[in-house]
Amino acid sequence: MAQRKDLFIRESSGLVREVSPWASLSATFGLVTGGVPILILSWLFTAPGANWVLSFLLMLPPTLGMAFLFYIAGISMPRAGGDYVFNSRAVHPAIGFINYFGLFVAFALSLGYYSYLAAQWFGYLFSSIGLAYSNQFFLSLGCWFSSTTGSVVIGILVVFLSIILSIIPRVQWRFVFWGGVITLVSSIIMFIFLLQITPTSFSTALSSSTGIPNAYNEVINDAMSNGLKFYPSLYATFLAGPVIWYYYTWYNLPASWSGEMKQVRKNVLYSIIVAILIISAYYILFTYINLRAFGCRFLTSWSYISNCGINDPVYKSLSSIGDFTPYFALIVDHNLLIFMIMFIALWLPNFYSNPPLVTSLVRYLFSWSFDRLMPSWLADVNENLKAPVKATLLVGAMGIIGVLLYAFNTVVALVDVTVIFEIGYAIFALSVALMPYVRKQVYERSVPVKRKILGIPLVSLIGVSVFAFLMFILAITWGNPILLPINIQTLASLGIIYAVGGIIYAIATQLNKKKGIEVSLLFQEIPPE
């Protein structure tokens, strides 16, 4: 047994279990929904005529199936990078590492991208106030926040604040918990006030604020005359499925900090399964209430004009606010306080979710270090802060580099992370399905849910079903110019990402063999707590 302990870099992780179930749930809500409400409105044109509420409900069962698999991973191997640890022990360590290396790159690019876009929220805020009150100062301020300079400055500041919070875990998780509470309260207020708006009252306010007669119908007519077509409802509802599946993603991340959770089973349940149910209800309410307030055909047309760059006079006069519907509410009721509350409801999840994203990236590096696939210093834990400070600073540097790469429109902008999430989740699902057969001893020893149906393990049935669903989603979105713009650049970037992961694994394996460490034995064990 001593030899097996010596396989890992040390006998204890050094991390502390201090994350509460409610903080984890709040983190998942922010990670999954941060920025998505605006994306929902921006992508309405991808399925014109859809029953969006029904489509959200149709995508919920496969999402819950995938969430159940991550739940199993989190409670079976509650360690730093728990979902990676499970994937690397499920079938073969190379498959687990290469798969999660790809997901790590996707999440790391997202850290840079969403930090870079952080300034856009303030662009919406000040541009909306400037337009509503004809104030040039606020319009100029909004313009600066939307500029490259503003995006870089605010993006780097967001990364810096996220790193500071991540280095002090106890403060971070309190911040995340209260961020979720404030988001909940502000969202309820937002929904209540949006329910008081009708397309008729909005149509009148839009014409008044833009000075364009019948502006509401002008937007719809311009979109339809330039190619927008509303499909039969049932067809459009299924067409919306792939984008809605993407809106639900990122719920695997709580498993990455399962090694620091209090009440692991309850915590993982709340932060993955319960969180998805709450998020589904939130998405349905947000989408339904906005479509009810401003009109489905108008918002779909608005998103179509925005994406296609159509020269519509109404959109042109309001282009600085994009799909930020709190501005639409502001011109109807002229209530600046409610507008600010709506801004907080939509902006705060995007901001408070950044520290948990940093934490997840750090925990993957930490787990790779424990598995001797990365340098050992990545698993160093500061005794006072009880956090892997060195790895956190490395992720911070990656975040700042990501901000700069996106700001100056480098080749990194060609990497489409959506396909990485689809492939990554699919490989995880198939790995879990095969685990009872190819890694039977690890499965029997680690997985607490061993129920069978017709002699087949439940995890295998769910894993195969989810894998088949994700292959279907991948097939119908492959080459879609919005969802998966598959071209030479995209394929090359995917090939490079997975090839680099494979090379790192091969080199680490050989270096460990020279030290007399058999990696195959290491991956038969779960890393120490």
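Owing to the predicted nature of the structure, the values given are computational and were not obtained by experimental measurement.

Asks: Now, about the overall build of the chain: what can you tell me, with residues and values included?
Replies: Helix and strand content of the chain: 26 helices and two strands. Compactness check: the chain gives a C-alpha radius of gyration of 24 Å against a globular reference of 24 Å for 529 residues, within 12% of the reference. Referenced to the eigenvectors of the C-alpha coordinate spread, the extents of the chain come out at roughly 80 × 50 × 45 Å. Counting the 529 residues in the chain, one finds 59% classified as buried.

Asks: Describe the pattern of salt bridges, listing the residues and the values that go with them.
Replies: Applying the stated rule across the entire model yields five salt bridges. When the shortest N-O distance is used, the salt bridge between Arg-170 and Glu-18 registers 3.5 Å. Taken as a pair, Arg-170 in helix H10 (residues 169–194) and Glu-18 in the loop between helix H1 (2–5) and helix H2 (21–33) lie far apart in primary sequence, 152 residues in all. Overall, the relative accessible area of 19% leaves Glu-18 in the buried class.

Asks: I'd love a proper account of a nonpolar patch on the surface, names of residues and values included.
Replies: A cluster of nonpolar residues, Leu-157, Phe-160, Leu-161, Ile-164, Ile-168, Val-171 and Leu-385, forms a patch on the protein surface that exposes about 550 Å² of accessible area. Looking at which element gives the most residues to the nonpolar patch, the answer is helix H9 (residues 148–167), with four residues. Inspection of the secondary structure assignment puts Ile-164 in helix H9.

Asks: Before we move on, can you summarise the side chain of Ser-42 with the specific residues and values?
Replies: Mapped onto the secondary structure, Ser-42 falls in helix H3 (residues 36–42). Residue Ser-42 is classed as buried on the basis of its relative accessible area, which comes to 19%. A polar side-chain atom of Ser-42 sits 3.0 Å from a polar atom in the side chain of Asp-323. The residues touching Ser-42, leaving out its near neighbours within four places in the chain, are Ser-303 and Asp-323.

Asks: Describe the environment of Ile-462, and please don't skip the residues or the numbers.
Replies: Note on placement: Ile-462 falls in helix H24 (residues 458–477). In the structure, Ile-462 is positioned 54 residues away from Phe-408 in sequence and 43 Å away in space, judged by C-alpha atoms. Sequence-distant contacts of Ile-462, defined by excluding residues within four places in its chain, comprise Gly-65, Phe-68 and Leu-69.

Asks: Describe helix H18 (residues 326–333), with residues and values.
Replies: One full turn of an α-helix is made of 3.6 residues, so residues set three or four places apart face in the same direction. The buried fraction of H18 amounts to six of the eight residues, a majority that puts the element mostly inside the structure. Those residues of H18 that fall on the buried side of the exposure criterion are Pro-326, Tyr-327, Phe-328, Ala-329, Leu-330 and Ile-331. Check the buried side of H18 and you find it contacts helix H7 (118–133), H10, helix H11 (199–210), helix H15 (264–294), helix H16 (296–308) and helix H19 (336–352). At the exit of H18 stands His-334, carrying a positive phi of roughly 55°.

Cut-offs and rules
Residues numbered from 1 in each chain as written. Predicted model: local features only at pLDDT ≥ 70, side-chain atom pairs only at ≥ 80, totals over all residues. Heavy atoms only, no water. Helix = DSSP H or I, 4+ residues; strand = E, 2+ residues; numbered from the N terminus. Rg over C-alpha atoms; globule rule 2.2 N^0.38 Å. Buried < 20%, exposed > 50% of the residue type's maximum accessible area, 1.4 Å probe, protein only. Salt bridge = Lys/Arg side-chain N within 4 Å of Asp/Glu carboxyl O. Patch = residues over 30% accessible without salt bridge, like charges linked within 9 Å, V, L, I, M, F, W, Y side chains within 5 Å. Areas by Shrake-Rupley, 256 points an atom, 1.4 Å probe, with all protein chains shown as cover. Polar contact = N/O pair within 3.5 Å; in protein donor to acceptor, adjacent residues only side chain to side chain. Contact = heavy atoms within 4.5 Å.

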